[in-house]
Amino acid sequence: MMIKFMDFMSNSFTPVVNKITKNPWISSIQDAVMTLLPLILVGSLITIVSLFNNIFPNIPDFSLINSFTFGLQGLLVAFLIPYYVMEKKKHHNKKILAGVTSLAVYLMLLSPVISDDGQITFIFSRFGATGMFLSLVIGLVVAGVMNFFAKKSLFSKDSMIPEFVIVWFDSLIPITLVMVISWIIAVPLNIDFFDVILKIFDPLSSIVQSYPGFVLSLFIPALLYTFGISGWVMMPVIYPVYLAGLAENAERVAQGLEPTNIALQETAYGFINMGGIGATLALSVMMVIFSSSYRLKAIGRATIVPSMFNINEPLMFGGPIVFNPFLMIPMWISSIVIPSIVYFVMKLGLVTIPSKTFLLWYIPTPIASYLTTQDWRAIILGVGLFVVAFIIYFPFFKAYDIQEKKKELALAEE
């Protein structure tokens, strides 16, 4: 049964998923978010600095930096998605135009309030994580329209008119089309398109924020990773939900309420991805300490430091865990058990649910556990989760270690 499953995953499933991840529309969403990671990390650093306000009250308030880095994700993604789509479609001379057109549409459909004296007021929170759903829709629609018209031109190929002039005129029709449609939605119809998009995505958010959805959002990337497929393939679906959940938590805390959304990147980085996806730090440690196989001990020594900082590519492909049933199965189990523990511990209020930006994924557990929650109980939980992961991995690791040792002894006798 296991052999048939492995054969299906390697020969049928994996090639299809890899093809999907290389699709220009999907990969453009991934690239857009990856481009913003430095800004998100800066916002996370500000979260750490804010911890010192409790000790040194005279430290300046840097929260505005967080607002204009992490807090502008929706706005910036609206530009980046059509930019990357046009780049991948080889329409290089129209990628910036596509980006700025998408920005204009995004701003119009945020439903700003326009006063009689011409002042325009936006709800700032709509520029950030809660605006990600809107920016995804607008970015892809604008990219689709611009891509369609980019294949056509009002001028012949041998025209003597400068290229930049041709680009201007060829872009007039698609830009006018998307702007007029946006105007119809925002003005004559008076539709708050932002709210409409949120309501459309509400079922998805509710599913991911539920216990089964939360566990699946972490198990599926781990499952894919054991077959050599990057967990980033899930990002276009899961990442906006995680961001919207964090934004809602922050809003509730600002109102004096308790945060409720557990399905967050912060939860994953602070507790679940110890050593990387699949909580593989425990495996790296036991390779160093308990391996009788020379090869596994060497791999453990080579991967222990990266694993401490949540980088597990060397272990995944060097262990290997990828396509290795001995180590794939415990990784699947830990990717169900550990998120389950975290979910119920936070649901019961035993550890604070994160409500601030923290995406410094390279910070080791349990330090990251405390920083994501600012709750000392999170340290205890982080240590406990490591023990659980160790218990899950150990019998499978030992069986694999015995097999590898037998191979080494057989080679030595030849």
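Cut-off values and rules
Residues numbered from 1 in each chain as written. Predicted model: local features only at pLDDT ≥ 70, side-chain atom pairs only at ≥ 80, totals over all residues. Heavy atoms only, no water. Core = buried A, V, L, I, M, F, W, Y, C linked by side-chain atoms within 4.5 Å. Buried < 20%, exposed > 50% of the residue type's maximum accessible area, 1.4 Å probe, protein only. Helix = DSSP H or I, 4+ residues; strand = E, 2+ residues; numbered from the N terminus. Contact = heavy atoms within 4.5 Å. Salt bridge = Lys/Arg side-chain N within 4 Å of Asp/Glu carboxyl O. Axes fitted to C-alpha atoms, helices over the stretch in contact; angles between N-to-C directions. Parallel < 35°, antiparallel > 145°, perpendicular 65-115°, else oblique. Left-handed = near helix turned anticlockwise from the far one by under 90°. Nonpolar A, V, L, I, M, F, W, Y, C, P; charged D, E, K, R; others polar. Phe/Tyr/Trp six-rings, centres within 6.5 Å; stacked < 30°, edge-to-face > 60°.

Trainee: Report on the nonpolar core, specifying residues and quantitative values.
Mentor: Soluble globular proteins tend to pack their nonpolar side chains together in the buried interior. With 98 residues, the main nonpolar core has Tyr 106, Leu 134, Tyr 239, Phe 271, Leu 283 and Met 287 as its most contacted residues. Among the elements that make up this core, the one with the highest residue count is helix H6 (residues 132-150) (10 residues). Once residues lying within four places of it in the same chain are set aside, the contact partners of Tyr 239 are Val 33, Ile 40, Gln 73, Met 132, Met 234, Gln 265 and Leu 359.

Trainee: Account for the side chain of Ser 307, naming residues and giving values.
Mentor: Mapped onto the elements, Ser 307 comes out in helix H13 (residues 294-308). Apart from residues lying up to four places away in sequence, Ser 307 is in contact with Gly 275, Leu 281, Ser 284 and Leu 315.

Trainee: Which residues make up the pattern of salt bridges, and what values go with them?
Mentor: Per the stated rule, a full pass over the model turns up 8 salt bridges. We note a salt bridge from Glu 404 to Lys 407, for which the minimum N-O separation is 3.5 Å. Here the residue Glu 404 and the residue Lys 407 both occupy positions in helix H17 (residues 377-413), the gap between them amounting to 3 residues, near one helical turn. Judged by its relative accessible area of 43%, Lys 407 falls in the partly exposed class. Each member of the salt-bridge network shares a partner with another, and the members are Arg 126, Asp 192 and Asp 195.

Trainee: I'd like a description of the packing of helix H5 (residues 95-108) against H6, backed by residues and values.
Mentor: How two helices sit against one another is set out by the angle between their axes and by the gap between those axes. Following both chains from N to C, one finds H5 and H6 inclined at 135 degrees, their axes separated by 9 Å at the closest point. If you check the angle between H5 and H6, you find them oblique. H5 and H6 meet at a crossing whose hand is right-handed. In contact with Leu 97, Ala 98, Thr 101, Ser 102, Val 105 and Tyr 106 of H5, H6 contributes Leu 134, Ser 135, Ile 138, Gly 139, Val 142 and Met 146. Counted by class, the contact of H5 with H6 contains 8 nonpolar, 4 polar and no charged residues.

Trainee: Outline the packing of aromatic side chains, supporting the account with residue identities and numerical values.
Mentor: Taken as a whole, this structure holds 21 aromatic pairs when the rule is applied. When the centroid spacing of 6.3 Å and the interplanar angle of 70 degrees are considered together, the rings of Tyr 225 and Phe 317 count as edge-to-face. Of the two residues, Tyr 225 sits in helix H9 (residues 211-225) while Phe 317 sits in helix H14 (residues 313-318), which places them 92 residues apart along the sequence. Put simply, the rings of Phe 290, Phe 386, Phe 390, Phe 394 and Phe 397 touch in pairs and so form one group of aromatic residues.

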